[in-house]
Amino acid sequence: MPMTMTQKILAAHAGLDHVTAGQMIEAKLDLVLGNDITAPVAIKEFEKAGFDKVFSTEKIALVLDHSTPCKDIKSAQLCAIVRDFANQHNIQNFFDVGTVGIEHALIPEHGLAIAGDAIIGADSHTCTYGALGAFSTGIGSTDMAAGMATGTAWFKVPAAIKVVLTGKKQVYVSGKDIILHLIGLIGVDGALYQSLEFTGEGVSALSMDDRFTISNMAIECGAKNGIFPVDEKTMAYLKGRTDREVRVYTPDVDAEYVRTITINLDTLRPTVSLPHLPSNTRTIDQAKGMPLNQVVIGSCTNGRMQDLREAAAILNGRKVAKNIRCIVIPATQEIYLQAMEEGLVKIFIESGCAFSTPTCGPCLGGHMGVLADNEWAISTTNRNFVGRMGPTTSMIILSNPAVAAASAVAGCVADPADLT
Amino acid sequence: MARVYKYQDNVDTDVIIPARYLNEPDPAALARHCMEDIDQGFAAAVQPGDIIVAGFNFGCGSSREHAPVAIKACGVKCVIAKSFARIFYRNAINVGFPIMECMEAAEDIEAGDSIDVDFASGVITNNTKHKTYQAEAFPEFVNQIIAAGGLLNSLKNRA
Ligand code: SF4
């Protein structure tokens, strides 16, 4: 029986020669991840069930990224629970204020996710590491507790959708536009219970940061994971980040896919998602001119170097419009430093942006940029659900970093190509 | 008599339990804000044994287990939907909260209908409309987890 790339990784981790879609398997895990919101619940369940030992001190990552530096007393108490647990169990990959970054940027940066891995994380955007050719998927706190105890997780082997990328993307188009376009095509449940497998000649031209952005939002169409083939760019990214053996899996040529979707990058336009679903997409031409109050550039979707460079290129020598609050958040400390060295921080601050320490912050309406009633934001984050960044009357438009930056300058939704 | 709360497609975890309340994961605290951003009166009005009926992709969005926990802590008996987002589906099973996937029931049942559910057989009875619906059966391994009282108990039993 031919297998998809995802099926091959799952088979290998379940110790099986073959798996087929729908089969229930138990897979060995290379990493179990949790954050300051989900890990406290997992730790409580872990202890309540009477477990007293973790399966590995190296293969668990605890990342305090959502509400840190702690926004209030309750968040501080949650972080303390995770901190104590990490100390008690000698968790090697524990990231606290000072070293912490947004988990899905931080984990690949530290070489904790590599090609061929099977990873679960108590965070829905754990699917990000598919960019590296890993199987990774979001689960809940109880699964995380079970994973920390046993190093395994149950999966139903998914069927897959093949996404073929052809052509080459144009200026001001990024990975974000590719994934928003795809979600617009198939809907927020278009890949429910399934994998997305990206392929085609268009893939090789995509940077790793583009691929991270695309895999990151696989969950926004309901997918279990979104995976890319491993090529020279992947290998170059992994180089120096890990001592572990990289396992490269390729789908069988006759692997079955439930459907094939082709996206022609030659004609793809910058794309935005209007409130209140990521699938509510428009090309930039159809959205420009919409009024705004806030711009957010950051998150596990678009807080990486390429994103900051694209935003800075637009903001360089320009000013954020009077009516706009523009908040820029690098995803990790490494990115923060690099942005300083490249002079990007100076550009952001001189143009009138707030530049923050790494945190999830406004992405989930936690802190560092919560909206007021009836306010509109354009944001490079991944969800524009009702109330995600503030009260239920506030509105979020999702976009790529260049569109967000251009909108900050224009004071309304804008096409970067129109800036003078 | 179980009352029905009916919602549309894509009820996401941000409206089930908004992120601003995640800093207090105690089930009773979560229950006080359950469904707040989609149905303000829900938490105050819901009674033990009530049922939520919804469309496609219920529980989409974040992985927060706080969502099924909040609904369960309100005393809601089960959620019947056309489909569930996969992480919510997994979480509900793992915390021992029953969910039923049934197109016809989710379409047909209206707010105010009197509903009985039988988890073992998957049969949903609409007493108001004098109709029955058959929900999708769980895979066997899921039944084992539920029978054990959740994922961690089932793992403990194996050890
Ligand atoms: S940046 Fe946003 S989507 Fe990403 S992990 Fe943080 S809260 Fe979740």
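Below is a summary of the structure that appears in this document. (Residues numbered from 1 in each chain as written. Chains lettered and ligands numbered in written order. Predicted model: local features only at pLDDT ≥ 70, side-chain atom pairs only at ≥ 80, totals over all residues. Heavy atoms only, no water.)

Turning to the overall build of chain B, a few remarks are in order. Secondary structure assignment for chain B yields eight helices and seven strands. Radius of gyration (C-alpha) of chain B: 15 Å, near the 15 Å computed for a compact globule of 159 residues. Across its three principal axes, chain B shows a C-alpha extent of roughly 45 × 40 × 25 Å. Taken across its 159 residues, chain B has 58% of its residues classed as buried. (Helix = DSSP H or I, 4+ residues; strand = E, 2+ residues; numbered from the N terminus. Rg over C-alpha atoms; globule rule 2.2 N^0.38 Å. Buried < 20%, exposed > 50% of the residue type's maximum accessible area, 1.4 Å probe, protein only.)

Sheet strands pair via backbone hydrogen bonds, and the direction of the pair is either parallel or antiparallel. All names here are of chain A. Strand order in the open sheet made by the five strands is β4-β3-β2-β5-β6, with parallel pairing throughout. Each of the sheet's edge strands pairs with one partner strand only, and the pair in question is β4 (93-95) and β6 (135-138). Strand after strand, the sheet turns through a mean of 15 degrees between neighbouring axes, direction not considered. In this structure, strand β2 (residues 31-35) lies alongside strand β5 (residues 118-121), joined through three bridges in parallel fashion. Residue pairing for β5: Leu 31 is matched across the bridge by Ile 119. (Pairing = 2+ DSSP bridges. Axes fitted to C-alpha atoms, helices over the stretch in contact; angles between N-to-C directions.)

Turning our attention to the environment of Ser 207 of chain A. Residues and elements named next belong to chain A. Assignment of secondary structure puts Ser 207 in the loop between β9 (195-199) and α7 (208-216). The spacing of Ser 207 and Tyr 237 is 30 residues in sequence and 10.0 Å in space, taken between C-alpha atoms. Discounting residues that sit within four places of it in the chain, Ser 207 has contacts with Lys 233 and Gln 306. Within the structure, the side chain of Ser 207 is placed 3.0 Å from the backbone nitrogen of Asp 210, a separation counted as a polar contact. (Contact = heavy atoms within 4.5 Å. Polar contact = N/O pair within 3.5 Å; in protein donor to acceptor, adjacent residues only side chain to side chain.)

Further remarks concern the interface of chain A and chain B. With 47 residues of chain A at the contact, the number on the chain B side is 37 residues. Between chain A and chain B, the buried area comes to about 3500 Å², and carbon and sulfur atoms account for 59% of it. The largest share of the area that chain A buries against chain B comes from Thr 142, Trp 154 and Tyr 193 of chain A, three residues that together contribute 16% of it. The interface formed by chain A and chain B contains three salt bridges. Between Asp 14 of chain B and Arg 388 of chain A there is a salt bridge, with its nearest N and O atoms 2.9 Å apart. The interface formed by chain A and chain B holds 17 residue pairs in polar contact (both at pLDDT 80 or more) in total. For the side of chain A that touches chain B, the class distribution of residues is 22 nonpolar, 14 polar and 11 charged. (Buried area = accessible area lost by both parts, 1.4 Å probe. Salt bridge = Lys/Arg side-chain N within 4 Å of Asp/Glu carboxyl O. Nonpolar A, V, L, I, M, F, W, Y, C, P; charged D, E, K, R; others polar.)

Moving on, we get to the nonpolar core. Note that soluble globular proteins tend to have their nonpolar side chains buried in a common cluster. Among the nonpolar cores identified, the biggest contains 147 residues, and Leu 62 and Phe 348 of chain A together with Phe 42, Ile 52, Phe 58 and Ile 71 of chain B are the most heavily contacted of them. Per-element tally for this core: the top contributor is helix α14 (residues 401-410) of chain A, with seven residues. Shared between two domains, this core holds at least three residues of each, these being domain 1 (5-263) and domain 2 (273-419) of chain A. Those residues in contact with Leu 62 of chain A that sit more than four places away from it in its chain are Gly 34, Ala 39, Val 82, Phe 85, Ala 86, Ile 91, Asn 93, Phe 94, Phe 95 and Met 144 of chain A. (Core = buried A, V, L, I, M, F, W, Y, C linked by side-chain atoms within 4.5 Å. Domains from an automatic or database assignment.)

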